[in-house]
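Coordinate analysis (summary)
Residues per chain, in single letters:
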There are 2 protein chains.
Amino acid sequence: LRVAYHALAPFAQALLLRAGLDADKAAAVARLLALTDGLGRRTHGLAMVTTYLAELEKGTMAKTGAPTVVKDTGATAVWDGHYLPGLWLTEHAIEVACARADTFGIAAIAIARSHHIGCLAALVKGAADRGYVALIANSDPSGARVAPYGGTRALFTPNPFAFGYPGAEHPVLIDTCASITTTSMTRRKHARGEQFDHPWLLDAQGTPTTDPAVLEHATPRGSLQLTGGVDHGHKGFGLALMIETLSQALSGHGRADAPTRWGGNVYVQVLRSDFFAGADAFAQQSEFLSNACRENPPIHSDAPVRVPGDAAAQHLAHARREGVAFDADVWEKIAAWAAKLAVPLPVNLA
Amino acid sequence: LRVAYHALAPFAQALLLRAGLDADKAAAVARLLALTDGLGRRTHGLAMVTTYLAELEKGTMAKTGAPTVVKDTGATAVWDGHYLPGLWLTEHAIEVACARADTFGIAAIAIARSHHIGCLAALVKGAADRGYVALIANSDPSGARVAPYGGTRALFTPNPFAFGYPGAEHPVLIDTCASITTTSMTRRKHARGEQFDHPWLLDAQGTPTTDPAVLEHATPRGSLQLTGGVDHGHKGFGLALMIETLSQALSGHGRADAPTRWGGNVYVQVLRSDFFAGADAFAQQSEFLSNACRENPPIHSDAPVRVPGDAAAQHLAHARREGVAFDADVWEKIAAWAAKLAVPLPVNLA
């Protein structure tokens, strides 16, 4: 099954509107989910809309309202997100942070109680496309999937962070996390009865394993391995702590409150290069570095070195030209929600 | 050989003064090198003073002067460091950034042309001890030790970064880098004829190896593996790009200028928690998280989970009590410089 790229956002928007989400939020969430599919990050594209529709139905994702500004000191702010949709809320925070960076050169916003955010690369892209340098860090204090280094009990979420900045042809979009793999990838592997190629999880005793079941069904549960794995997972541990500190301790809401509602905390930071050495100097240095990566002699002659964001730009061009293909199991769930909400399905191009 | 902790800084200070370094810089560099030994980061403690003395003698580390303020917009600034000693220069930048954060809640300084910096944990500790949240990222555009993910030609330096914040008994000091191991560790292994326990390097064809010689003597040279290694080194790649961008592109000096002089670029950022949700809320959340780590059931019952900074605090207490032991090969080089500069050696406690 294949759907035209331009048809994805209106379809997702219609679903979210029918589920009762405010119009501005439905438009932003739908646009960013479609962009995420376009960028090739398929676990967090329209595949997520069914989850969001279920959360809206349950009332655990807020349908209406605005974040409360808990504190605003100009270059810094704290918001309470009231479990509003994370894509809309974080895009809104980036816009405000960009405007503050226009005044101060740097700005940061810490958000408590967002709902799930989705693809951070799609969010920093918006800022990078307009010339800003943007950082997003995200954790969910209600979730525990990753143990501290040397430990056996899951404590952290995978804690994604993204860093985006302008590039000559498309932005550089670094989007990674403190664990080797993610919750959604593990669920997908488990649902399909697949094992990981590498031992990227730990069982409850801390023994490395390729089996996604240790996270999904084992009792006691295992955990996702930290970036760096058994021999240098202290590096991922440092990242996990840094991201939880930025997103939870600064916002004043976190694991100490033992929240049980699925959500997310966010730290958004924006820099303006013309408050530093200037946009031209920034472009000269960053472009030189990107090209030095792309021209680096590859280990495998058929796999040239790519800069983060290069593949995403290719995916997006392909999606615009050829549409986006959906796996049958993913589309089946989306179609069931479309039927339930009486939203017509987009044309199948395949 | 063992030296009283309190004797280390005066000894190093005397050496640096005799080598012609300004008094304020000699005092700061010596104090921070001694602290680095105290924290247990031995490759970057007094072991580095011989390298700095040689650089001062050659004139490649500046002995006098101050950084030029290239731009200053309040919350952000760019400095030219004129190859002044990195420990002094970066500590000075942290002090200025803390003062700016007192006004704006957040502040960042990008520094071009520092000389070598040393232990970043020792530097963020100074800010964290006074209640700030501090980040330092560092790269050297004249150095190439780490290839981009999938590539074979060294392009990046290991690109260390540190993140420090206050803790109940001692600060949390996260100090890591974009490669698995470091240049100094590789040199030490090679000098001692040792192999790494894990394949943390790549030869010139990109094949993993435990042999430090590929970085030190092989032709063509190999490289240090990115954090994440063969199966997930794209994570270290993202960190390497982010750190070079913050420290080089923002300062407007970097690899595009093809510098050949050993030095370092720095990005310093300071946050004040009371401009966010407040110092009490910050402490509540971060302390909860640190304790949840320490109480986590360990994989190996004799290796409890430690928060970054815990071991450093123990090392420092031990150093203050028992002094600091030096390996014979390290001390021999220091003693040779002391003889040359007619500086009396500290008392050997051993």
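Residues numbered from 1 in each chain as written. Chains lettered and ligands numbered in written order. Predicted model: local features only at pLDDT ≥ 70, side-chain atom pairs only at ≥ 80, totals over all residues. Heavy atoms only, no water.

1. Notes on the pattern of salt bridges
Residue and element names in this part refer to chain A. Put simply, the rule is: Between Lys or Arg on one side and Asp or Glu on the other, a salt bridge is scored when a side-chain nitrogen of the former is within 4 Å of a carboxyl oxygen of the latter. Elements are defined by DSSP. Helices are runs of H or I of four residues or more, strands are runs of E of two residues or more, and each kind is numbered from the N terminus.
In the structure shown here, the tally under the stated rule is 40 salt bridges over all chains. We note a salt bridge from R187 to E216, for which the minimum N-O separation is 3.7 Å. A residue pair is termed long-range when its members are at least 10 positions apart, and R187 in helix α6 (residues 183–191) and E216 in helix α7 (residues 213–216) qualify at 29 residues. The network of salt bridges with common partners includes D22, D24 and K25.

2. Focus: the sheet that holds strand β6 (residues 160–165) of chain A
Strand pairing in a sheet relies on backbone hydrogen bonds. The paired strands run either parallel or antiparallel. Residues and elements named next belong to chain A. To keep it simple, the criterion reads: Pairing between strands is defined by DSSP: at least two bridges between them are needed. Only the stretch in contact is used when a helix axis is fitted, and all axes are lines through C-alpha atoms; the angle between N-to-C directions ranges over 0 to 180 degrees. The contact criterion used is simple: two residues touch if any of their non-hydrogen atoms lie within 4.5 Å.
In spatial order, the strands read β2-β3-β4-β11-β5-β6-β7; together these seven strands make up an open sheet with mixed pairing. Every interior strand has two partners, whereas the edge strands, β2 (68–72) and β7 (172–177), have only one. Each strand axis lies, on average, 15° off the axis of its neighbour in the sheet, ignoring direction. Strand direction decides the pairing type here: strand β5 (residues 133–139) and strand β11 (residues 264–271), joined by seven bridges, are antiparallel. Its bridge partner lying in β11, I136 is registered against V268. Its contacts with the sheet put helix α4 (residues 86–104) on β2, β3 (76–80), β4 (106–114), β5 and β11, and the angle it makes with β4 is roughly 160°.

3. Details of the nonpolar core
Stated formally: Only buried Ala, Val, Leu, Ile, Met, Phe, Trp, Tyr and Cys residues count toward a nonpolar core, and they belong to the same one when joined by side-chain atoms within 4.5 Å. Only protein chains enter the accessibility calculation, which uses a 1.4 Å probe. A residue is then buried if its area is under 20% of the maximum for its type, exposed if over 50%, and partly exposed in between.
Judged by nonpolar contacts, the single largest core of 88 residues is most densely connected at F156(A), L241(A), Y267(A), F156(B), L241(B) and Y267(B). C98(B), I117(B), V124(B) and I136(B) belong to the second-largest nonpolar core, a separate cluster that totals 71 residues.

4. Focus on the confidence of the model for chain A
Put simply, the rule is: By definition, pLDDT measures how confident the predictor is in each residue, and it falls between 0 and 100.
Chain-level pLDDT for chain A is 97 on average; 100% of the residues reach the 70-or-more range. Confidence estimates for the predicted assembly give a pTM of 0.98 and an ipTM of 0.98.

5. Brief notes about the packing of aromatic side chains
Test applied: In this scheme Phe, Tyr and Trp rings, the latter by its six-membered ring, pair at centre separations within 6.5 Å, and the angle between planes marks the pair as stacked below 30 degrees, edge-to-face above 60, and tilted otherwise. By the criterion adopted, a ring carries a charge over it if an Arg CZ or a Lys NZ lies within 6 Å of its centre and within 35 degrees of its normal.
What the rule picks out here adds up to 13 aromatic pairs over all chains. Considering the side-chain rings of F326(B) and W331(B), the 4.9 Å spacing of their centres and the 50° angle between planes classify their relative orientation as tilted. Among the aromatic side chains, those forming a connected cluster through ring pairs are F11(A), F326(A) and W331(A). Here the basic side chain of R42(B) rests over the ring of F326(B), its NZ or CZ set 4.8 Å away from the ring centre. Positioned over the ring face of Y83(B) is R261(B), at 4.0 Å from the centre of the ring.

6. Quick notes on the interface of chain B and chain A
In many analyses, interface size is given as the accessible surface area lost on bringing the parts together. Worth spelling out the cut-off: Put simply, buried area is the surface a 1.4 Å probe can reach on two separate parts but cannot reach once they are joined, added for both. In protein, a polar contact requires one atom able to donate a hydrogen and another able to accept it; more generally it is a pair of N or O atoms within 3.5 Å, and residues adjacent in sequence count only if both atoms are side-chain atoms. Amino acids outside the nonpolar list (Ala, Val, Leu, Ile, Met, Phe, Trp, Tyr, Cys, Pro) and the charged list (Asp, Glu, Lys, Arg) are all regarded as polar, and Gly is one of them.
Taken residue by residue, the interface counts 82 residues in chain B and 82 residues in chain A. Both faces combined, the contact of chain B with chain A buries some 6,700 Å², and carbon together with sulfur accounts for 70% of it. A per-residue breakdown of the area chain B buries against chain A is headed by K235(B), F276(B) and Q285(B), which together make up 11% of the total. One can count zero salt bridges joining chain B with chain A. At the boundary of chain B and chain A, one finds 35 residue pairs in polar contact (both at pLDDT 80 or more). Secondary structure elements with two or more residues in the side of chain B that touches chain A: β3 (76–80), β4 (106–114), β6 (160–165), β7 (172–177), α8 (229–232), α9 (234–249), β11 (264–271) and α10 (279–294) of chain B. Among the elements that take part in the side of chain B that touches chain A, α9(B) stands out by supplying eleven residues, more than any other. Grouping the constituent residues of the side of chain B that touches chain A by class yields 44 nonpolar, 28 polar and ten charged.

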